[in-house]
Each structure stands twice: as C-alpha cells, then as structure tokens.
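# Notes for the structure review
If you want the building blocks of each chain, they are given just below.
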Amino acid sequence: MAGPRHPVFVSGAALVQTNRLQTFAFSVCWSDDGDTFARRSWEEFRRLHKTLKETFPVEAGLLRRSDRILPKLPDASLLVHWGCTGRGLARLQLLETYSRALLAAGERVAHSPVLTGFFAPQPMDLEPVLPAGSLVILPAPQEPLPGPTGSPAIRSLEAQSLRCLQPFSTQDTWGQPFHARAQEALDVLLRHPSGWWLVANEDQQTAWFPAPYLEEVAPGQGQDGEWSLGSSGSQFCASHAYESSQADELSVPTGARVRVLETSDRGWWLCRFQGRTGLLPAAMLQPDGLGTLLSGPWLHLRVDGGEDREGEAQSSPKSPQATTLTPTVPARPSRSAIQSRCCTITRKALGQDPGCHGPP
C-alpha cells in the first residue's frame, strides 16, 4: 500500500512581485503523479529551515557535524544587477537548489510532514487570480544566448511556442493588422496577468494576444492536427480534495490542476486529470490563475527526464464528446496600466514607439 503523498521534484517557475512583497512560485510534482503550484516568501523559507533544524537535529549536524545532511540556506548577494528584481531572481534559483537538496536528503526528511505541509497547496496558491498590481517575472534560460550581452532584445526573453485555438484578428504593436489562423504556432514573449500576452508569428510580427486563445501542443495530438478527447480544455484548480463515489467520477487531491472538457448547469463538469476522464463537482473548481500564467513544458520535466503524459487520455465509454467553445477574450488593460509595469529594459526591447507598450 502506497504511503502518504509527498513532493518528489520542485522547479522554480517565476518571481511574483506585488507592491513591495516578493514571492517565489514553484511547480511541485508529487508522488501520486499530480502537480501543483506553490507560492512562498523568503521569510517562509527561513522559517522552514529553522523548523527542519529543530525537528531533525541529527540531520542538521547539531549533535555531530559529520552527520549533517540538511542543506544550508544561502542568501543572494545585495550586489547584483537590476536591484531588487535581480536579487529576487537570484533567490529563486537558490531556493530551487535548496528545495531539491531537501528532497534528496533521505526519506526521513523528504517524506516528513514538515516538508510535505510546506509545499502542499495553501489558500494563496488556490486563488483564481493574482493580487492587483502583481508582476510575474520569468527566469532567463540557463543556456547562453547568441548576441552581445549588453543589448536588450526580445529574443533574450524565454519564449514558448503555443497554438492558436481559433482564428483571431487584432493589431500588432505598430497598429498593423495581425491575423492568427486556427492551429497557427505563436511564440509567447511576455505574459501579462491581465490575460493579454505579447506574441510573435512566423513573420516576426509582434502583437498583444488574448491568452485563452492559446494552448500547448499536447503529446496526444495527432499528425493531422486533430485533437483526441481530453487534449484540450480550460485549466481549472481543485479548491479541495474529492474522492469519487461513482465509476464515472474522478478522485483529485487539493490543488489538483484539471482540464475542463465540458461544462454543465447540473453541477457536474467533465474533466481530465492524469490521463483519466470523468466528472467532478463544478462547485469545487475555480480558474487556475497562476497555473495558466506559468504553464509550460519546462515545468513538467521530472527527475528521470520523463514528461507528464496528460495528453494520453483514454476516453471513457460513458463520456460524451467534448464540445469546442469560443474562448473568452479578457478585458484589454489600458496602455498606461501596462506601461507603468514595464521596466526600462522591456521598453527598449519592445521599441520606443508608444504603441508598443500595450494592446491597441
């Protein structure tokens, strides 16, 4: 019989700045193959470190230094580029290394209620949207990029290629027509919490584009571009755990990220979770704000190099065919709202024209 679920892999996803508060978002993979997002502050990690030393004095080397297996919690230097933001990104990398070292410190530590409870979804992690004024900063790619290091460029930002679900027309950052076809691949350059993301097409046109119209290329997608049941749908988060009582229902833990394939006014939605399709109570599902903003293939890589196989869904004989609905277009933020959140480097990367700073 399997023991309680515990985290098996942690990956730093983003730095989230809200006013003067910095939190660090992590993608957490669990022993039951589930994955959640956790957002924690630097002070919370310091308290965790103190608690672990008190709970495991032997592993902390308090009795004998040679017995120490708990990692140290180093802090980032104050003398880093880009000030507070640069130090926050440096801390994110240090915390990722620290978290992975804890998971490698033996079962007694890695499976402990202290560590499991720390990474378990908290109310802040389950909020459908980030606090007003939040800025999400993605870490830079690890591998060096071509070109001079001193010149800011959009290509120095980490881009992810997504597919457009349905045709959509807007204007590019220079006010010219921007038309996206169904299944067309678009590179996401910047992600804004408003739901409008900066994308580029194959002609190198850049435009602010509604995020609900974009989706990853799932592993289960066929060569002809058609989706199998369970390969698409809006991403939602389970506000609490649910244990199935019928064969056509799903069992999910708190914080589980599921794909909603079909909605209903009867209170039960058809969902996909870990390759299984079934029903869940609609009342326990809410939009996965942080998960949708940060989802990307780099967050699903496991320790053994394998990837999440959510796309290999098996349709149930009882499951009706999912219907494709027109995605909801989020309200456009004002140009001043986006411009006020752009740093000098981003403005230089996007160009000096005022139209580049926000959706038309």
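The text that follows walks through the structure, step by step, so that each part is easy to find.

What counts and what doesn't
Residues numbered from 1 in each chain as written. Predicted model: local features only at pLDDT ≥ 70, side-chain atom pairs only at ≥ 80, totals over all residues. Heavy atoms only, no water. Helix = DSSP H or I, 4+ residues; strand = E, 2+ residues; numbered from the N terminus. Expected span 1.5 Å × (residues − 1). Buried < 20%, exposed > 50% of the residue type's maximum accessible area, 1.4 Å probe, protein only. Arc of directions from axis to C-beta. Contact = heavy atoms within 4.5 Å. Pairing = 2+ DSSP bridges. Axes fitted to C-alpha atoms, helices over the stretch in contact; angles between N-to-C directions. Phe/Tyr/Trp six-rings, centres within 6.5 Å; stacked < 30°, edge-to-face > 60°. Lys NZ or Arg CZ within 6 Å of the ring centre and 35° of its normal. Salt bridge = Lys/Arg side-chain N within 4 Å of Asp/Glu carboxyl O.

## Quick word on helix H1 (residues 42–55)
The terminal C-alpha atoms of H1, which comprises 14 residues, lie 20 Å apart, in line with the 20 Å expected from a rise of 1.5 Å per residue. Taken together, the buried positions of H1 are occupied by Trp 42, Phe 45, Leu 48, His 49 and Leu 52. An end-on view of H1 places all buried positions within 115° of arc, on one side of the element. The outward face of H1, more than 90 degrees from its buried face, is lined by the exposed residues Arg 47, Lys 50 and Glu 54. On the buried face of H1, the contacting elements are strand S2 (21–30), strand S3 (35–41), helix H2 (83–103) and helix H4 (113–119).

## Section: the sheet that holds S3
The antiparallel open sheet is built from 4 strands, whose spatial order is S3-S2-S1-S4. Among the strands making up the open sheet, the edge pair consists of S3 and strand S4 (134–137). With direction set aside, neighbouring strand axes in the sheet form an average angle of 35°. Summarising the sheet, strand S1 (residues 7–18) and S2 pair through 10 bridges and their orientation is antiparallel.

## Some remarks on the pairing of strand S6 (residues 168–171)
The side chains of a regular strand alternate between the sheet's two faces. Because side chains alternate across S6, one face comprises the buried residues Phe 168 and Thr 170, and the other comprises Ser 169 and Gln 171, none of which is buried. In this structure, S6 lies alongside strand S7 (residues 177–180), joined through 4 bridges in antiparallel fashion. Bridged to Gln 171 within S7 is Pro 177.

## Digging into the packing of aromatic side chains
The tally for this structure, following the rule as stated, stands at 9 aromatic pairs. Both rings, one in Phe 118 and one in Phe 119, keep their centres 5.1 Å apart while their planes meet at 85°; by these two values the pair is edge-to-face. Put simply, the rings of Phe 26, Phe 45, Tyr 98, Phe 118 and Phe 119 touch in pairs and so form one group of aromatic residues. The ring centre of Trp 30 lies 4.4 Å from the NZ or CZ of Arg 5, which sits over that ring. One cation-aromatic arrangement involves Arg 40 over Phe 118; the distance from NZ or CZ to the ring centre is 5.6 Å.

## Describing the pattern of salt bridges
If you walk through the whole model with that rule in mind, you get 11 salt bridges. The shortest N-O distance in the salt bridge between Arg 40 and Asp 125 comes to 2.9 Å. On the criterion of sequence distance, the pair formed by Arg 40 in strand S3 and Asp 125 in the loop between H4 and S4 is long-range, its members being 85 residues apart. Residue classification places Arg 40 among the buried residues on the basis of a relative accessible area of 3%. Here Asp 125 falls in the buried class, since its relative accessible area comes to 8%. Across the pair Arg 87 and Asp 75 runs a salt bridge, and its minimum N-O distance is 3.0 Å. Residue Arg 87 is located in helix H2, and its partner Asp 75 is located in the loop between H1 and H2; the two are separated by 12 residues in the primary sequence. Residues participating in the shared-partner salt-bridge network are Asp 75, Arg 87 and Arg 91.

## Points about unusual backbone geometry
Even without being a glycine, Asp 33 presents a positive backbone phi close to 75°. By secondary structure assignment, the location of Asp 33 is in the loop between S2 and S3. Residue classification places Asp 33 among the partly exposed residues on the basis of a relative accessible area of 49%. The backbone phi angle of Gln 274 is positive, close to 55°, even though this residue is not glycine. Position of Gln 274 among the secondary structure elements: in the loop between strand S14 (268–273) and strand S15 (276–281).

The analysis is restricted to geometry; functional conclusions fall outside its scope.
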